[in-house]
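# Coordinate inspection notes
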Amino acid sequence: MNYVLIGAGSRGTIYANWAHSHGHKIVAVAEIRPDRLAEAGTRLEVPEAMLFTDAKQLFSLGKVADAAIIATMDRDHYGHVMAALDCGYDILLEKPISPDPRECIAIEEAANRLGRKVTVCHVLRYTNFFTEIKNILDSGELGKIVAIQHAENIGNFHMAHSFVRGNWRNDKLSSPIIMQKSCHDLDILLWLTGAHCKKVAAFGSLSYFKEENAPAGSTDRCLTCPVAESCRFDAQKAYLPGLGGWPTDVVCLEQTEEALMEALKEGPYGRCVYRCDNNVCDHMSIILEFDNDVTATFSLTAQTSACHRTLHIMCEDGEIVADDGQKQIIVTHHVSSQSETFQQRVINVRTNGSGHGGGDAGIMEDFTKSLGGHAESRSSISRSVESHLMACAIEESRLTGTVVELDKFRKSLA
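Residues numbered from 1 in each chain as written. Predicted model: local features only at pLDDT ≥ 70, side-chain atom pairs only at ≥ 80, totals over all residues. Heavy atoms only, no water.

## Regarding the sheet that holds strand 2 (residues 25–30)
Pairing between the strands of a sheet comes from backbone hydrogen bonds, and it takes one of two forms, parallel or antiparallel. The strand order across the open sheet formed by 6 strands is 3-2-1-4-5-6, and the pairing between neighbours is parallel. The open sheet has two edge strands with one neighbour each: strand 3 (51–52) and strand 6 (118–120). Across 2 bridges, strand 2 lies against strand 3 in parallel orientation. Looking across to strand 3, one finds that Ala30 is bridged to Phe52. Where helix 1 (residues 10–21) meets the sheet, its contacts fall on strand 1 (2–6), strand 2, strand 4 (67–70) and strand 5 (90–93), and the angle it forms with strand 1 comes to roughly 165°. (Pairing = 2+ DSSP bridges. Helix = DSSP H or I, 4+ residues; strand = E, 2+ residues; numbered from the N terminus. Contact = heavy atoms within 4.5 Å. Axes fitted to C-alpha atoms, helices over the stretch in contact; angles between N-to-C directions.)

## What to know about the pattern of salt bridges
Following the criterion strictly, the structure yields 19 salt bridges and no others. Note that Asp138 is salt-bridged to Lys134, the shortest N-O span being 3.5 Å. Taken together, the positions of Asp138 and Lys134, both in helix 6 (residues 128–139) and 4 residues apart, correspond to about one turn of that helix. Looking at Lys134, the relative accessible area reads 12%, which means it is buried. When the shortest N-O distance is used, the salt bridge between Arg398 and Glu395 registers 2.8 Å. Of this pair, Arg398 and Glu395 both sit in helix 14 (residues 381–400), separated by 3 residues, roughly a single helical turn. Under the relative-accessibility criterion, Arg398 is labelled partly exposed at 22%. (Salt bridge = Lys/Arg side-chain N within 4 Å of Asp/Glu carboxyl O. Buried < 20%, exposed > 50% of the residue type's maximum accessible area, 1.4 Å probe, protein only.)

## Notes on empty space enclosed by the protein
Applying the stated criterion across every chain, the model contains 2 cavities of 30 Å³ or more. What lines the largest cavity is a set of 14 residues, and nearest its centre among them are Ser218, Cys222, Cys225, Cys231 and Cys272. Considered as a void within the structure, the second largest cavity measures approximately 50 Å³ in volume. Those elements giving two or more residues to the lining of the second largest cavity turn out to be helix 8 (177–180) and helix 14. Residues that form the lining of the second largest cavity fall into these classes: 6 nonpolar, 1 polar and 3 charged. (1 Å grid on protein atoms, 1.4 Å probe; cavity = no way out; pocket = protein on both sides within 12 Å on 5 of 7 lines; lining within 4 Å. Points joined across faces, edges and corners; volume = space filled by probe spheres on them. Nonpolar A, V, L, I, M, F, W, Y, C, P; charged D, E, K, R; others polar.)

## Comments concerning the pairing of strand 8 (residues 197–205)
Sheet topology note: the strand 8/strand 9 (residues 283–290) ladder contains 8 bridges and is antiparallel. Of the residues in strand 9, the one forming a bridge with Lys199 is Glu289. Strand direction decides the pairing type here: strand 8 and strand 15 (residues 404–405), joined by 2 bridges, are antiparallel. Residue pairing for strand 15: Val200 is matched across the bridge by Val404.

## Some words on helix 14
Counted at 1.5 Å a residue, the expected span for helix 14 with its 20 residues is 28 Å, and the 29 Å between its end C-alpha atoms agrees. Most of helix 14 is tucked away: 14 of the 20 residues are buried. Residue Gly401 follows helix 14 closely and has a positive phi angle near 70°. (Expected span 1.5 Å × (residues − 1).)

## Observations concerning the packing of aromatic side chains
Here the distance between the centres and the angle between the planes together describe a pair of aromatic rings. According to the stated counting rule, one finds 8 aromatic pairs in the structure shown. For the pair Phe129 and Phe130, a centre-to-centre distance of 4.9 Å together with 90° between the ring planes defines the contact as edge-to-face. Side by side, Phe129 and Phe130 carry an identical accessibility label, which is buried. What links up through ring pairs into an aromatic cluster is the set Tyr208, Phe209, Phe233 and Tyr274. (Phe/Tyr/Trp six-rings, centres within 6.5 Å; stacked < 30°, edge-to-face > 60°.)

## Considerations on the sheet that holds strand 15
One open sheet holds the 9 strands; their spatial order is 14-13-12-11-7-10-9-8-15, and the pairing between them is mixed. Strand pairing shows two members of the sheet lacking a second neighbour, strand 14 (343–348) and strand 15, which therefore form its edges. Helix-sheet contacts for helix 6 involve strand 7 (145–153), strand 11 (308–315), strand 12 (318–323), strand 13 (328–333) and strand 14, and the interaxial angle to strand 11 is about 0°. Against the sheet, helix 9 (residues 183–193) contacts strand 7, strand 8, strand 9, strand 10 (295–301) and strand 11, and its axis sits at roughly 160° relative to strand 7.

## Topic: a negative patch on the surface
A surface patch of like charges, here negative, comprises Glu254, Glu258, Glu262 and Glu266. Relative to the assigned elements, Glu266 resides in helix 12 (residues 257–266). The class of Glu266 is exposed, set by a relative accessible area of 58%. (Patch = residues over 30% accessible without salt bridge, like charges linked within 9 Å, V, L, I, M, F, W, Y side chains within 5 Å. Areas by Shrake-Rupley, 256 points an atom, 1.4 Å probe, with all protein chains shown as cover. Lys, Arg positive; Asp, Glu negative; His and termini not counted. Charge placed at Lys NZ, Arg CZ, Asp CG, Glu CD.)

## Regarding the packing of helix 5 (residues 101–114) against helix 14
At their nearest, the axes of helix 5 and helix 14 sit 9 Å apart, and the two run at 170° to each other. Taken together, the axes of helix 5 and helix 14 are roughly antiparallel relative to one another. For the pair helix 5 and helix 14, the contacting residues are Pro101, Cys104, Ile105, Ile107, Glu108, Ala111 and Asn112 in the first and Ile381, Ser382, Val385, His388, Leu389 and Cys392 in the second. Residue composition of the contact of helix 5 with helix 14, by class: 9 nonpolar, 3 polar and 1 charged. (Parallel < 35°, antiparallel > 145°, perpendicular 65-115°, else oblique.)

## Brief notes about the nonpolar core
Residues Val29, Ile133, Leu288, Ile313, Ile320 and Ile329 are the most contacted members of the largest nonpolar core, which totals 122 residues. Counting residues per element, this core draws most heavily on helix 14, at 8 residues. Discounting residues that sit within four places of it in the chain, Ile329 has contacts with Phe129, Glu132, Ile133, Ile136, Ile320, Val321, Ala322, Arg345, Val346, Ile347 and Val349. Within the second largest apolar cluster, 10 residues are counted, among which are Cys252, Ala259, Leu260 and Tyr269. (Core = buried A, V, L, I, M, F, W, Y, C linked by side-chain atoms within 4.5 Å.)

## Details of helix 6
Over its 12 residues, helix 6 runs 16 Å from end to end, which matches the ideal 16 Å to within 8%, given 1.5 Å per residue. Regarding helix 6, the residues found buried are Phe129, Phe130, Thr131, Ile133, Lys134, Ile136 and Leu137. Each element contacted by the buried residues of helix 6 is listed here: strand 7, helix 9, strand 11, strand 12, strand 13 and strand 14. Looking one or two places after helix 6, you find Gly140, whose phi comes out positive at around 85°.

As structure tokens, then:
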């Protein structure tokens, strides 16, 4: 297959690298940053004439490949997707579809009208970890799902990098954190329950990463801060150990200590985490009700030491406790009394080594097969829009202090 890449940042690079390494061809790249564009062109063996700093230049050529990989910033997705659909491309689209629920619906309608495939990068659906859980639930061995407790533990260092200093720090520039970070998780809840969401109620705020919590004597940049040595968010502590990998490769293209220090001196990733222009929540608690009477709670928080997801799924005849950080799933069958021994098994899940527990490679394999006429993608646009509408409804609930009904919310968008 031939692809065009629109957005050569961290996520776009992962998908394009997979395609390139599996014998597919990247025929063009559009990326607004000249240094990233040039590097991508060299790495992916794209002719200079097919490197563009403006996606409009690429779209003006019409359809030059089988499909487009779109991994630009959240608020650019709508324009890029609609232009790509008009050109005739099938699309692999990095989540979120769009921060605007009306734009999400418009993309779905356009894709269906034109008969184009749009696969949204809900990569968790493609992991062995969540696939194993789904298979257990669908087997019926535990009976019907009754309730779910799900948590996304963001990790304080990940929060500081992506949602305080980084591209997704401010919902006016990108998306609310429930959309940008956790539309993954809402999608997983829909997939596991096999149901539609009826109602949501949400609570949360930005409580820690703000100036009032800054250490005494600190300044606005880490490299000149007199208390940096005692601060765990010091940019040198955050990025120097990661030279050559994520998240340091986001900070600067050249992965040397000299280039990193220069980037921290002037760039956004060298800012004090307590003095950025961030406004997204650093913790949220959400209650959800589905139309098959399943209830769920979902928690996201920055105040954890590691980045991982945990689930407790309670069913009629048993329960599942799972941790994707440990790659472990524990299945327990209910017993008759407190004195009876539980029937339990532990599943240690293997991954293929790619990012997101194998999901990054999994979605590329799935998307490529779908282009060859195979079955519909696990995360097609029609399956993915609902999680985005849920995220928008959750944010409305948080801001208004009300319970939001999804049917009414969707009708209000008409």
